[in-house]
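Here is how the chains run, residue by residue.
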Amino acid sequence: LIILLLLTILPGTFALAKGTVNLPKASSGDSSSVGIDEKLGSYVPLDLTFYDESGKPLRLKDILNKPTVVTLVYYHCADICLPYLGGIVNVLDRLQMEPGKDYSVITLSFDEKETPSVALLRKKSYLAAFKRRFPEEAWKFLTGDSENIKKVTNAVGFRFKRVGDAFLHPAS
């Protein structure tokens, strides 16, 4: 079971570098636009391999073994993604469930240029923000190649676009 958290700041508002831009709604046939398509009942391909924050290759089917919160971000996005992950910490800190036993968390960078070393820095930062103990093994910060990233983002309906070194992406 995968739980994809969606937090939309304002309808039609997407992050780009140091600001936001309002985009028109995508037409039903426009798959190149930025946004989120609801894909209830769809499956994420579990044979895909990504790299955890230590650089270890992991197949999704090996780490998706309990209810899992999945967040899609890029680790250099200071304006939307990093505060979003801070909000995830605040929510998880209040859950009565036990992380690692009752659920796990996966954060996947949709920037294929990001490395496990950047993922490790983010992981350390967010684990340190918890008020209660959150086991390291319960939250994986992943990176991967563009092909596997695209397969996951397509499967969950997350559409984004590179603009220079940044991304135009939904705030979710």
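### Describing the pattern of salt bridges
Then step 1. For the structure on display, the rule yields 8 salt bridges.
Then step 2. Here D62 and R59 are joined by a salt bridge, their closest N and O atoms 3.0 Å apart.
Then step 3. Given the relative accessible area of 35%, R59 is considered partly exposed.
Then step 4. Between D111 and R162 there is a salt bridge, with the nearest N and O atoms lying 2.8 Å from each other. One end of the pair, D111, is in the loop between β8 (104-109) and α3 (116-128); the other, R162, is in strand β11 (residues 161-163), with 51 residues separating them in the sequence.
Then step 5. One network of salt bridges, in which partners are shared, links D111, E112 and R162.

### Digging into the side chain of N148
Then step 1. Position of N148 among the secondary structure elements: in helix α4 (residues 146-156).
Then step 2. N148 gets classed as buried once you look at its relative accessible area, which sits at 11%.
Then step 3. Ignoring sequence-local partners within four residues, the contact set of N148 consists of L48, T49 and F50.

### What about the side chain of K140?
Then step 1. For K140, the position within the fold is in strand β9 (residues 139-142).
Then step 2. The residues touching K140, leaving out its near neighbours within four places in the chain, are D52, E53, L58, V105, I106 and T107.

### Structural notes on α3
Then step 1. Under the 1.5 Å per step criterion, the end-to-end length of α3 is 18 Å for 13 residues, consistent within 8% with the ideal 18 Å.
Then step 2. Listed as buried for α3 are V118, A119, K123, Y126 and L127. Down the axis of α3, the sector holding all buried residues measures 160 degrees, keeping them to one side. In α3, the exposed positions angled more than 90 degrees off the buried face are occupied by L121, K124 and A128.
Then step 3. For α3, the elements touching its buried residues are α2 (81-94) and β9.

### Remarks on the pairing of strand β7 (residues 68-73)
Then step 1. For β7, a buried count of 6 out of 6 residues is recorded, marking the element as mostly surrounded by other parts of the structure.
Then step 2. Neither face of β7 is left uncovered, since the one carrying T68, V70 and L72 and the one carrying V69, T71 and V73 both have all their residues buried.
Then step 3. As judged from the 6 bridges shared by β7 and β8, these two strands associate in the parallel manner. Bridge pairing in β8 places T71 opposite T107.

### Description of the pairing of strand β12 (residues 166-170)
Then step 1. With 5 of 5 residues buried, β12 lies mostly within the body of the structure.
Then step 2. Of the two faces of β12, both are covered, the one formed by A166, L168 and P170 as well as the one formed by F167 and H169.
Then step 3. Sheet analysis places β11 next to β12, joined by 3 bridges and oriented antiparallel. Bridge pairing in β12 places V163 opposite A166.

Cut-offs and rules
Residues numbered from 1 in each chain as written. Predicted model: local features only at pLDDT ≥ 70, side-chain atom pairs only at ≥ 80, totals over all residues. Heavy atoms only, no water. Salt bridge = Lys/Arg side-chain N within 4 Å of Asp/Glu carboxyl O. Buried < 20%, exposed > 50% of the residue type's maximum accessible area, 1.4 Å probe, protein only. Helix = DSSP H or I, 4+ residues; strand = E, 2+ residues; numbered from the N terminus. Contact = heavy atoms within 4.5 Å. Expected span 1.5 Å × (residues − 1). Arc of directions from axis to C-beta. Pairing = 2+ DSSP bridges.

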